[in-house]
Every structure is written in C-alpha cells, then in structure tokens.
Amino acid sequence: MSDKVGLVIISHSPKIGDGVFELIKQVITGVPIAVAAGTDDNQIGTSMEKIIDAITQVDNGNGVLLMYDLGSAKMNAEMAIEFSESANVQLADHIPLVEGSYIAAVEANMGKSLQEIRNSLQKIELTEM
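Below you will find a few notes about this structure. Computed from a predicted model, the values in this text were never measured in an experiment.

**A short note on the overall build of the chain**
Okay, step 1: In terms of regular secondary structure, the chain is built from five helices and four strands.
Okay, step 2: In sequence order, the chain lays out its α and β elements as β-α-β-α-β-α-β-α-α.
Okay, step 3: Taken over the C-alpha trace, the chain has a radius of gyration of 13 Å; the compact-globule value for 129 residues is 14 Å, and the two agree within 12%.
Okay, step 4: Reported as C-alpha extents along the three principal axes, the dimensions of the chain are approximately 35 × 30 × 25 Å.
Okay, step 5: Counting the 129 residues in the chain, one finds 49% classified as buried.
Okay, step 6: Long-range pairs, those at least 24 residues apart, make up 74% of the contacts in the chain between residues at least 6 apart in sequence.
Okay, step 7: Here the chain displays about 6600 Å² of accessible surface, and carbon together with sulfur accounts for 51% of that area.
Okay, step 8: Of the side-chain charges in the chain, 8 are positive and 18 negative, and the distance between the mean point of each set is 6 Å.

**Brief notes about the pairing of strand β1 (residues 6-11)**
Okay, step 1: β1 sits mainly inside the fold: six of its six residues count as buried.
Okay, step 2: Burial along β1 is two-sided: the face carrying Gly6, Val8 and Ile10 and the face carrying Leu7, Ile9 and Ser11 are both buried.
Okay, step 3: The pairing of β1 with strand β3 (residues 64-68) spans five bridges and is parallel. Considered in β3, the bridge of Gly6 is made with Val64.
Okay, step 4: Pairing between β1 and strand β2 (residues 33-37): five bridges, direction parallel. Each bridged residue has a counterpart across the sheet, and for Ile10 the counterpart in β2 is Ala36.
Okay, step 5: You can see the chain leave β1, run along helix α1 (residues 14-25) and come back into β2, and the turn it takes is right-handed.

Thresholds, definitions, all that
- Residues numbered from 1 in each chain as written.
- Predicted model: local features only at pLDDT ≥ 70, side-chain atom pairs only at ≥ 80, totals over all residues.
- Heavy atoms only, no water.
- Helix = DSSP H or I, 4+ residues; strand = E, 2+ residues; numbered from the N terminus.
- Rg over C-alpha atoms; globule rule 2.2 N^0.38 Å.
- Buried < 20%, exposed > 50% of the residue type's maximum accessible area, 1.4 Å probe, protein only.
- Contact = heavy atoms within 4.5 Å.
- Areas by Shrake-Rupley, 256 points an atom, 1.4 Å probe, with all protein chains shown as cover.
- Lys, Arg positive; Asp, Glu negative; His and termini not counted.
- Charge placed at Lys NZ, Arg CZ, Asp CG, Glu CD.
- Pairing = 2+ DSSP bridges.
- Right-handed = clockwise from strand over helix to strand, strands pointing away.

What follows is the structure, encoded as structure tokens:
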C-alpha cells in the first residue's frame, strides 16, 4: 500500500476527469488517484456516491485531497467529506483542476504531507488567479 497522500479528481465531465487522470499517469504512477466524474449514469454532473467511493479507494491513512472543477462539484465534495468514514479528507478550494491536480500529484509523489501540498496549492491560487 502506498504511503502517499491520495488524490480524487472530481469533474462534471467523465472525459475531463479521465483526461486529467491520464495526463498525471503519464509521469506519476506511485500516487493513489481516483476519478469521480459524471453522474451515476455517466451524464454531465457529479455524484456524491462516486466521490465517497473514490475517497475510499485512495485513502491509506495519509490523507486525501479532493480536486474539483465547478461549484456543484464542490457542494457534492463537501457532502461526501461529511458522510465519508475517512478521517483526513480535505478540499482544494479555488484551485484550477488540471494544474492543481498535476502539482498535487507531483508533491504527493515526493512524499509531502497533505498540509504541505495544500500550502503549495494556495501559492498557485494567489499567483495565478
């Protein structure tokens, strides 16, 4: 089992979620990453159940970071955190999905803690937004 922070990519579009995952997996393979994209019937939207399942897949006790694309994805992610049995799940708020997910995966691969990754992402938020 990996000792690295897990990452969940949440998108309204299954194609976008899978694309971000594919981009990251081209260079990083040691980080637990799951995609929660689209509704339960693979339409545009998000699913709290998919997010909870993704959290469970990547949670290894070192924290899970949720990356999302649009507002209602944030709402479902917040509800998923409340209903999840995982202890250390945090939301990366106001961070671009593609760039943020990539940077989070790189830093997780380096063995950084969940808080260290969030601190790096906040620097992106301040400089690029």
